[in-house]
Amino acid sequence: MGPMFLPEPTTAIFEESSSGFYEKCQFPNCIGSIDGKHVTIKCPDNSGSRNFCYLKKFSLVLMAIVDPDYKLICVDVGGYGQNSDGGILEESAMGKRLEAGTLNVPKGVPLCDNDYLSSFHSESKK
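Residues numbered from 1 in each chain as written. Predicted model: local features only at pLDDT ≥ 70, side-chain atom pairs only at ≥ 80, totals over all residues. Heavy atoms only, no water.

Draft legend 1. Seen up close, the packing of aromatic side chains. Scanning the entire structure with this criterion turns up one aromatic pair. Measuring from centroid to centroid gives 5.1 Å for Phe52 and Phe58, while their planes differ by 65 degrees, and the two rings are edge-to-face. Judged by its relative accessible area of 33%, Phe52 is partly exposed. (Phe/Tyr/Trp six-rings, centres within 6.5 Å; stacked < 30°, edge-to-face > 60°. Buried < 20%, exposed > 50% of the residue type's maximum accessible area, 1.4 Å probe, protein only.)

What follows is the structure in structure tokens.
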């Protein structure tokens, strides 16, 4: 049922998100915002300390990419609570696909054009 409620992100979804981040926040080329959220759980049997986090509780981590309206684009659930967000992203299917270039992320574009740079430099000299 996952694909029904959270379909595979497409290049068009990321491009729309990028446009939204630029319009709302003036962040060029930002295709999404990513963070992890600890979800408290009961200590799993024989889990040792892998789910015990810095918050002094047992947790799993929900890692997500959202658009500028806070709508989910991509989600990974199940990172161990003891791991950092960076470590969880690196080991997640989502992170591995980002690294491999298979998550439908649009091709890069220049941050700005020469006209923009010229206007910025001329204003900074005033």
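Draft legend 2. Fine view of the pattern of salt bridges. This structure, assessed with the given rule, holds two salt bridges. Arg97 is paired through a salt bridge with Glu8; the nearest N and O atoms lie 2.6 Å apart. Remark: Glu8 occurs in the loop between α1 (2–5) and α2 (11–25) and Arg97 occurs in helix α4 (residues 93–100); sequence separation between them is 89 residues. In this structure Arg97 comes out as partly exposed when scored by relative accessible area, which is 27%. The class of Glu8 is partly exposed, set by a relative accessible area of 41%. Residue Lys24 is joined to Asp69 by a salt bridge in which the shortest nitrogen-to-oxygen separation is 2.1 Å. Separated by 45 residues along the polypeptide, Lys24 in helix α2 and Asp69 in the loop between β2 (59–66) and β3 (72–80) bring together distant segments of the chain. (Salt bridge = Lys/Arg side-chain N within 4 Å of Asp/Glu carboxyl O. Helix = DSSP H or I, 4+ residues; strand = E, 2+ residues; numbered from the N terminus.)

Draft legend 3. Inspection of the confidence of the model for the protein chain at higher detail. In this model, the protein chain carries an average pLDDT of 83, and 85% of its residues clear a pLDDT of 70 or more. When mean pLDDT is taken per element in the protein chain, α2 scores highest with 94 and helix α5 (residues 114–124) scores lowest with 50. Note on residues 120–124: pLDDT is under 50 here. Beyond four places in sequence and across chains, it has zero contacts. (pLDDT = per-residue confidence, 0-100. Contact = heavy atoms within 4.5 Å.)

Draft legend 4. View of the sheet that holds strand β1 (residues 33–40). A sheet is described by the order of its strands in space; here three strands give the open sequence β1-β2-β3, paired in antiparallel fashion. Strands at the two margins of the open sheet, each flanked by one partner only, are β1 and β3. The sheet shows a mean angle of 20 degrees between the axes of neighbouring strands, direction not considered. Pairing between β2 and β3: seven bridges, direction antiparallel. Paired with Val66 across the two strands is Leu72, which belongs to β3. Against the sheet, α2 makes contact with β1, β2 and β3, and its axis sits at roughly 100 degrees relative to β3, the strand it touches most. (Pairing = 2+ DSSP bridges. Axes fitted to C-alpha atoms, helices over the stretch in contact; angles between N-to-C directions.)

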